[in-house]
Amino acid sequence: MKKTDTKSELAKTYGILIKNMGEGLCVLDKNFAPTFVNPKFCEIIGYSRDEILGKSAFQFVKGKSREILKKELEKRAKGESSRYTVKVRKKNGEEAFLLISGVSRFDKKGKFAGTIAIVSDITERKRLEKELEERTMELEKEVKKRTQLLVDLYRGVAVSEERSRLAQEIHDSLAQTLATSLCKTEMCEKLLGDNQLEARRELSELRKMLGRSVSSTRHVIFGLQFPNFHRAGFIAVLKQYFQEFERKSGISCDLKVKLERSLAVRTQVGIYQIIREAMNNVRKHATAKRVDLELRTDRDGNLHLIIEDNGKGFCLKKILARSKSAKRFGLKGMRERAKRLGGSFAVETARGQGTRIKVKVPLKKKEK
Ligand SMILES: Nc1ncnc2c1ncn2[C@@H]1O[C@H](COP(=O)(O)OP(=O)(O)OP(=O)(O)O)[C@@H](O)[C@H]1O
Ligand SMILES: [Mg+2]
C-alpha cells in the first residue's frame, strides 16, 4: 500500500472512531472558538454542530465555571494539559457538569494553535454524589439522635442504680432502726408500770438509736442530692463544688484533673460522692489549711483519685475500731462506693500528718 493510501485509511479510521466515540470531542482554535465537535459533544451540550462552531467556548459555560475555563485555557496556551470540571447550560436550559481533559495543539512552526478536549458528561455522577452526601448527613443526624437516646437511657440506668443503692441504705439504716425503736417504745410502755429502772435503760438506748438514725437520715438525704453532670459536665461540676467549698470553708483547694477518657455516669456519680464525703471530713475534722485533689486516668485504663489535706490527721486504727459502735458513715461509705465501682479505697494518715484518701477504679473499655 502507498504511503498516501495509508494516511487516508488512517484518517478514515480516526473519522469513524471520533464520530462514534462515547465521549465528546471538541477542537478549539487559538482564540478558543470551536472549529470541530463530534456528534457526542453536540448530544451532551444539546446544541447542533452549526450552533457551536465559530462561537466562543465561554458562551456555554455558567457562573464560576467561566473563571475556571479561563484559567484552564491559559494553561493550554502555555502548553500545559489538565483535567477539570465545569458547569454548562444546555440548549434546553438544563445544567450539566462536564469533565474535560484538554491538551494544547501547536502548528508546524511550534506556535500555539488551540486545544483538543475530550468531554464527559458527569451530571449523573454529580447528582449521585450530592444525594449520597445528603443521605450521609441524614444518617449522621440519625446516628447522633440514637446516640443521644442511648446516653439518656444509660443515664436513666445510672440514676436508677443510685436509687436502688439509696433504697438499700434507707432499708439498712433507717427502716431497721425505726422498727427496733418501735419495739423498744412498746416494751417501755409495758415496763413503765412495774420496772421503771429497766424502762429508763431502754429509753436511754432508744434515744441513742434515734440519734444515730437522725445522722444516718442526713447522710441519705445528702446522698440524694447530686448535680446533673450530664447537663453541666463532670469537670465543670467539680470545679464549681470546690469554688463553693473554698468560699464557705476558707480552706484553699488545688484541683488537678486530667481525664484522657470520658467517664460513665455511674463512675461520675460515685467519684463525686466520695469527693464530697472526703471534703466534708476535711471541713469537719481536719483543721487543714489546704487540700490537693488529683483526678486522672492512667494508660492502663484506671481512674485515680487522691485527696490530700494538710490537717491534723488521725489514728486510723482507733477510728476503725470505734466506727462500728459509733455508726460513722463517711469512711465506710467511701469504701463501699469505691467497691461498687469495682475499685479500691485507702486512707493514709497519722496524727499531725494530714490525711490522704486514695481511690483507684478500673474503667470499662467503653465508658459511656
Ligand atoms: N480528713 C480528716 N482529718 C482528720 N480526721 C478525720 C478526717 N477524716 C476522718 N477523720 C476522722 O475519722 C472519723 C471517721 O470519719 P467518718 O467520715 O467515717 O465519720 P464522721 O465524719 O465522724 O461522721 P459522718 O461522716 O458519718 O458524718 C472522724 O470522726 C474523724 O475523727
Ligand atoms: Mg465524715
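Bear in mind that the values here come from a model prediction, so they are computed numbers and not experimental data.

Bringing the environment of threonine 287 into the picture now. Looking at the secondary structure, you find threonine 287 in the loop between α9 (265-286) and β7 (290-297). Using a count of 12 C-beta atoms within 10 Å as the deciding quantity, one classes threonine 287 as exposed. When the C-alpha positions of threonine 287 and glycine 354 are compared, they lie 9.4 Å apart, and in sequence the two are 67 residues distant. Residues in contact with threonine 287, not counting those within four places in the same chain, are Gly311 and Lys312.

Okay, the site of ligand 1 next. In the neighbourhood of ligand 1, 16 residues make up the surrounding shell, with Asn281, His285, Ala286, Arg328 and Gly330 lying closest. When residues of the shell around ligand 1 are assigned to their parent elements, the largest contribution, five residues, is made by α9.

Overall, mixed pairing links the five strands, which are arranged β6-β7-β8-β10-β9 in an open sheet. Taken across any chain shown, the strands that pair with only one partner, and hence form the sheet edges, are β6 (252-258) and β9 (344-349). The average undirected angle you get between the axes of adjacent strands in this sheet is 10°. Along the sheet, α9 contacts β7, β8 (302-309) and β10 (355-362); its crossing angle with β8, the most-contacted strand, is approximately 10°. Packing of helix α11 (residues 330-340) onto the sheet brings it into contact with β9 and β10, and relative to β9 it is tilted by some 145°.

This next bit is on α11. By the burial criterion, the buried members of α11 are Met334, Arg337 and Ala338. Viewed end-on, α11 has its buried residues packed into an arc of 100°, placing them on one side of the element. Summarising the contacts, the buried residues of α11 are in contact with α9, β9 and β10.

Right, let's get into the sheet that holds strand β1 (residues 24-29). Strand order in this open sheet of five strands is β2-β1-β5-β4-β3, and the pairing throughout is antiparallel. If you trace the sheet from one side to the other, it starts and ends with β2 (34-37) and β3 (82-89), each paired once. Each strand axis lies, on average, 30° off the axis of its neighbour in the sheet, ignoring direction. Pairing of strand β4 (residues 95-106) with strand β5 (residues 112-121), which is carried by nine bridges, proceeds in the antiparallel orientation. Counted as the bridge partner of isoleucine 100 is valine 119 from β5. Relative to the sheet, helix α4 (residues 63-77) contacts β3, β4 and β5, its axis offset from that of β3 by approximately 145°.

A word on the environment of glutamate 95. Along the chain, glutamate 95 falls in strand β4. It is 9.7 Å that separates the C-alpha atoms of glutamate 95 and valine 61, two residues lying 34 residues apart in sequence. Setting aside anything within four residues of it in sequence, one finds glutamate 95 in contact with Lys62, Lys87 and Arg89.

To continue, consider helix α8 (residues 234-249). Counted at 1.5 Å a residue, the expected span for α8 with its 16 residues is 22 Å, and the 22 Å between its end C-alpha atoms agrees. Listed as buried for α8 are Phe234, Leu238 and Phe245. Within α8, the buried residues cover an arc of 35° as seen down the axis, which keeps them to one side. Facing away from the buried side of α8 by over 90 degrees, the exposed positions are Ala236, Gln240, Gln243, Glu244 and Arg247. Where α8 ends, the next residue or the one after it, glycine 250, has phi of about 75°, a positive value.

Rules used in this analysis
- Residues numbered from 1 in each chain as written.
- Chains lettered and ligands numbered in written order.
- Predicted model: local features only at pLDDT ≥ 70, side-chain atom pairs only at ≥ 80, totals over all residues.
- Helix = DSSP H or I, 4+ residues; strand = E, 2+ residues; numbered from the N terminus.
- Buried ≥ 20, exposed ≤ 12 C-beta atoms within 10 Å, placed from the backbone.
- Contact = placed C-beta atoms within 7 Å.
- Near = placed C-beta within 6 Å.
- Pairing = 2+ DSSP bridges.
- Axes fitted to C-alpha atoms, helices over the stretch in contact; angles between N-to-C directions.
- Arc of directions from axis to C-beta.
- Expected span 1.5 Å × (residues − 1).

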